[in-house]
Amino acid sequence: MKIQLLSFAALKDFFPPKQELILDGIHTVFDLKNYLQNINPDAGNLIKVSRISINQIIVKDSDTITEGSIVAILPPSSGG
Amino acid sequence: MTFKHITEEKLSLPTEFPALPSMGGYVLFAGIVRDINDGKQVTHLEYEAYSEMANQMIANIIADAFQKWELQYAECIHRLGKLNLGEVAVIVSTGSIHRDEAYKANRYIIDRVKHEVPIWKKEFYINGSSEWSKGCVDESHEH
């Protein structure tokens, strides 16, 4: 499965702002979070408190990722 | 790229009220870049966003405010990019027949924008260091 992964703010210290990932055996948001934490354990705490969006909709850990999705990792907001 | 609720252009305070004859109360909130945070002297900020998503989320928050209160007017715009001290980061303006709804809706909109919308702030300090704000962990909203 191929997806586009977007990273923002402090997560850009660990991952490129935009990258294409080819994933095997990853079906859910939970799987993807684990995969990213394994790639870069230093980002683990930040990933834990981040929200995930798929195609600009906030999703739950149990939601499924489908081919071609644009997935974004959103650290806690700090606008305003 | 500029969206209705997200812009890299400098924000100016409105100089006129919306022309709505039945609007009797108008509330304007401006979030301003201040020179200190957590005891550290700040020189400037940078804001970034997932702009398309942030724009849509702010539009949805405004729509929710119209559902909750009888508003005549509600608007919100957030700036991105480098902001110097004293510059305006965000404006929320609300209007209603009486003041109560305008006050409540204004607070509702800014609180949700701060906590939910994918916008992030990087603080630059006087010693040359910088740090992404960790985001809000204060549920009281008193900040």
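You'll find the structure just up there.
Now for a quick tour of the structure. (Residues numbered from 1 in each chain as written. Chains lettered and ligands numbered in written order. Predicted model: local features only at pLDDT ≥ 70, side-chain atom pairs only at ≥ 80, totals over all residues. Heavy atoms only, no water.)

A closer look at the pattern of salt bridges
Residues and elements named next belong to chain B.
- Applying the stated criterion to the full structure yields 13 salt bridges over all chains.
- Across the pair E75 and K4 runs a salt bridge, and its minimum N-O distance is 2.8 Å. Of this pair, E75 sits in strand β5 (residues 71-79) while K4 sits in the segment before β1 (6-7), and the two are 71 residues apart along the sequence.
- With a relative accessible area of 55%, K4 lands in the exposed category.
- With its nearest N and O atoms 3.2 Å apart, the salt bridge here joins R107 to D111. Of this pair, R107 and D111 both sit in helix α2 (residues 99-116), separated by four residues, roughly a single helical turn.
- Taking the relative accessible area as the measure of exposure, D111 reaches 13% and is therefore buried.
- Members of the salt-bridge network, linked through shared partners, are K10, R79 and E87. (Salt bridge = Lys/Arg side-chain N within 4 Å of Asp/Glu carboxyl O. Helix = DSSP H or I, 4+ residues; strand = E, 2+ residues; numbered from the N terminus. Buried < 20%, exposed > 50% of the residue type's maximum accessible area, 1.4 Å probe, protein only.)

Quick notes on the sheet that holds strand β7 (residues 88-96) of chain B
All names here are of chain B.
- The strand order β1-β5-β7-β2 describes an open sheet built from four strands, whose pairing is mixed. Two strands bound the open sheet, and with one partner strand each, they are β1 and β2 (25-32).
- Relative to β5, β1 is paired through two bridges, and the arrangement is parallel. Within β5, the residue paired with I6 across the bridge is H78.
- Sheet strands touched by helix α1 (residues 51-68): β1 and β5. Its angle to β5, the strand with the most contacts, is close to 160°.
- The strands touched by α2 within the sheet are β2, β5 and β7, with β7 carrying the most contacts at an inclination of about 150°. (Pairing = 2+ DSSP bridges. Contact = heavy atoms within 4.5 Å. Axes fitted to C-alpha atoms, helices over the stretch in contact; angles between N-to-C directions.)

Focus on the packing of aromatic side chains
- This structure, assessed with the given rule, holds five aromatic pairs over all chains.
- Taking the centre distance of 6.5 Å and the plane angle of 40° together, the rings of Y26 of chain B and Y73 of chain B count as tilted. In this pair, Y26 of chain B is assigned in strand β2 and Y73 of chain B in strand β5, connecting sequence segments 47 residues apart.
- An aromatic cluster is built from F8 of chain A together with Y50 and W120 of chain B, whose rings are joined through pairwise contacts.
- The ring of Y125 of chain B has K40 of chain B lying over it, and the distance from NZ or CZ to the ring centre is 4.5 Å.
- Above the face of the W69 of chain B ring, K68 of chain B is positioned so that its terminal group lies 5.5 Å from the ring centre. (Phe/Tyr/Trp six-rings, centres within 6.5 Å; stacked < 30°, edge-to-face > 60°. Lys NZ or Arg CZ within 6 Å of the ring centre and 35° of its normal.)

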